[in-house]
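# Observations on the model geometry
If you want the building blocks of each chain, they are given just below.
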Amino acid sequence: MTRPNATEIIMTGPLMAYAADQLKARFTVHELWKAEDKAAFLRDVGERVRGIAGGGHIRIDGALFDALPKLEMIANFGVGYDNVDAAEAGKRGLVVSNTPDVLSDEVADLTIGLLLSTIRQLPQVDRYLREGKWLKGAYPLTTSLRKRSIGIVGLGRIGKAVAHRLEAFGVPIAYHGRTRQADVPYRYYPSLVEMAADVDTLVSVAPGGASTHHIINAEVLKALGPNGIVVNVGRGTVIDEKALIEALQNKTILSAGLDVFEDEPRVPAELIAIEHAVLLPHVGSASVHTREQMGQLVVDNLVSWFDGKGPLTPVPETPWKKA
Ligand code: NDP
């Protein structure tokens, strides 16, 4: 929809109609992700664009900022914003917002589901029944959450929601992050290798980016040991995927449950061939309820900004102080 004189923004990926319709009612929206020749598209509209509703696979970085000289605000769809060069945005005086909190419970629920699915092999058991194998005998016994101890990598908003749920399961919980948190009852490990040696189940909810790249590596997987299970709902880049595949193939760890991958949506054939892993296509927050909440926060951030009230949920790289 085009309205003369309205504030112009681009969408870098598809948003559900719930949010996209609100944006189109308030702004002139240009759908960059639909353009075949993106450079020509940006030459055409770039001079007038003041905001971005971020999502999808287009990287939002200095090259895009260069094409949008009047850009002020980037509202990212998602709490993870490693697709946005927020440091560069900060240097240019731009503001970046994300969608924290509104998805934490949903992702934590999914994490528990993935953890139990991996431990009790629920997808494999389902396939066993459908393939008629039950008629020939019972499914082999699985490992258990009983007697396991869990190490959470990245005890932030989602990590804490996962830990809170795990408390009800009566399993010991530890965590690794860059800083010890004063207000949590779980054992802190400044060293990820040391935590991996002391627990048998790693649950990663750490963000992507340079500081977490491949922190779960061959050494950590070796420390976790042959009874080890790795669950990752944070970002694929946190795990050295090649080392993980080797550990699963050689059975130097027991299993893995993954919602995120290094090169999404491409998942290595070697990983797909590993029957004793559980693989999900990045669905942590993917319910209608939660995606609506996230979409609403994208809309609300852009509306608040262009009403002159500042962003609602700016990221730390582009802090915002109310005047
Ligand atoms: P938070 O910022 O609240 O928490 C992130 C945690 O990671 C913090 O506790 C932080 O602790 C820790 N952390 C950051 N850097 C490092 C590091 N270099 N080494 C170790 N720990 C680190 O984020 P949320 O909990 O809201 O979200 C976490 C991530 O979950 C998102 O960034 C996103 O990537 C992912 N996510 C995945 C979804 C899915 O669908 N699978 C859906 C939503 C989010 P400290 O600062 O002390 O190091």
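Residues numbered from 1 in each chain as written. Predicted model: local features only at pLDDT ≥ 70, side-chain atom pairs only at ≥ 80, totals over all residues. Heavy atoms only, no water.

How big an interface is tends to be stated in terms of accessible area lost as the parts join. Domain annotation of the protein chain identifies domain 1 (8-101 + 288-307) and domain 2 (104-279). Each of domain 1 and domain 2 has a C-alpha centre, and these two points are 32 Å apart. Contact residues are listed per partner, giving eight residues for domain 1 and nine residues for domain 2. Interface of domain 1 and domain 2: buried area, both sides summed, is about 610 Å²; carbon and sulfur atoms make up 45% of it. Of all residues in domain 1, the largest losses of buried area upon contact with domain 2 belong to Asp 82, Asp 101 and Thr 290, amounting jointly to 60% of the total for that side. Inspection of the domain 1/domain 2 interface yields one salt bridge. Across the salt bridge formed by Asp 82 and Arg 235, the nearest N and O atoms sit 3.0 Å from each other. The interface formed by domain 1 and domain 2 includes three residue pairs in polar contact (both at pLDDT 80 or more). Tallied by class, residues from the side of domain 1 that touches domain 2 come to two nonpolar, four polar and two charged. (Domains from an automatic or database assignment. Contact = heavy atoms within 4.5 Å. Buried area = accessible area lost by both parts, 1.4 Å probe. Salt bridge = Lys/Arg side-chain N within 4 Å of Asp/Glu carboxyl O. Polar contact = N/O pair within 3.5 Å; in protein donor to acceptor, adjacent residues only side chain to side chain. Nonpolar A, V, L, I, M, F, W, Y, C, P; charged D, E, K, R; others polar.)

Here we take up the packing of helix 1 (residues 17-26) against helix 12 (residues 288-306). For the pair helix 1 and helix 12, the least separation of the axes is 8 Å and the interaxial angle reads 15 degrees. Relative to helix 12, the element helix 1 lies roughly parallel. Here helix 1 runs over helix 12; the crossing is right-handed. Contacts from Tyr 18, Ala 19, Gln 22, Leu 23 and Arg 26 in helix 1 reach Glu 292, Gly 295, Gln 296, Val 299, Leu 302, Val 303 and Phe 306 in helix 12. When the residues that make up the contact of helix 1 with helix 12 are grouped by side-chain class, the tally is seven nonpolar, three polar and two charged. (Axes fitted to C-alpha atoms, helices over the stretch in contact; angles between N-to-C directions. Helix = DSSP H or I, 4+ residues; strand = E, 2+ residues; numbered from the N terminus. Parallel < 35°, antiparallel > 145°, perpendicular 65-115°, else oblique. Left-handed = near helix turned anticlockwise from the far one by under 90°.)

For helix 7 (residues 157-167), the complete set of buried residues consists of Ile 158, Gly 159, Ala 161, Val 162, Ala 163, Arg 165 and Leu 166. Residues of helix 7 that are buried make contact with helix 5 (104-120), strand 6 (150-153), strand 7 (173-176) and strand 9 (201-204). (Buried < 20%, exposed > 50% of the residue type's maximum accessible area, 1.4 Å probe, protein only.)

Burial of strand 6 is two-sided: the residues Ile 150 and Ile 152 facing one way and the residues Gly 151 and Val 153 facing the other way are all buried. Across four bridges, the pairing between strand 6 and strand 7 is parallel. Its bridge partner lying in strand 7, Ile 150 is registered against Ile 173. Once you follow strand 6 into helix 7 and on to strand 7, the crossover reads as right-handed. (Pairing = 2+ DSSP bridges. Right-handed = clockwise from strand over helix to strand, strands pointing away.)

What UniProt calls "domain: D-isomer specific 2-hydroxyacid dehydrogenase catalytic" (unreviewed entry) maps, in this numbering, to residues 10-315. The annotated region residues 10-315 carries 37% helix and 15% strand content, and the separation between its end C-alpha atoms amounts to 20 Å. (UniProt positions renumbered as here; feature names shortened; annotations may be inferred.)

This next bit is on the packing of helix 5 against helix 7. One can describe the packing of helix 5 onto helix 7 by two numbers: an axis separation of 8 Å at closest approach and a directional angle of 55 degrees. For the element pair helix 5 / helix 7, the angle class is oblique. Of the two possible hands of crossing, helix 5 and helix 7 adopt the one that is right-handed. On helix 7, the residues that touch Ser 104, Asp 105, Val 107, Ala 108, Asp 109, Thr 111, Ile 112 and Leu 115 of helix 5 are Arg 157, Ile 158, Ala 161, Val 162, Arg 165 and Leu 166. Across the contact of helix 5 with helix 7, the residue classes tally to eight nonpolar, two polar and four charged.

The next point concerns the confidence of the model for the protein chain. Taken over all residues, the pLDDT of the protein chain has a mean of 96, while the share at 70 or more is 98%. Listed scores for the predicted complex are pTM 0.96 and ipTM 0.99. (pLDDT = per-residue confidence, 0-100.)

Oppositely charged side chains are able to pair whenever their charged atoms sit close together. Scanning the entire structure with this criterion turns up 17 salt bridges. The salt bridge partner of Glu 131 is Lys 133, with a shortest N-O separation of 2.9 Å. Assessed through its relative accessible area of 48%, Glu 131 is described here as partly exposed. Where Arg 266 meets Asp 263, a salt bridge forms, and the shortest distance between an N and an O atom there is 3.1 Å. You can call Asp 263 partly exposed: its relative accessible area is 41%. Members of the salt-bridge network, linked through shared partners, are Asp 66, Glu 88, Lys 91 and Arg 92.

For the rest of this paragraph, the subject is the sheet that holds strand 8 (residues 187-189). Spatial ordering of the open sheet is given by 8-7-6-9-10-11-12, a layout of seven strands whose pairing is parallel. The sheet terminates laterally at strand 8 and strand 12 (277-279), the two strands that pair on one side only. Along the sheet, successive strands turn relative to each other by an average axial angle of 15 degrees, direction set aside. The pairing of strand 9 with strand 10 (residues 229-232) spans four bridges and is classified as parallel. Residue Ser 204 lies in a different strand from strand 10, and its bridge partner there is Asn 232. Of the strands in this sheet, strand 6, strand 7 and strand 9 touch helix 7, which is tilted by about 165 degrees from strand 6.

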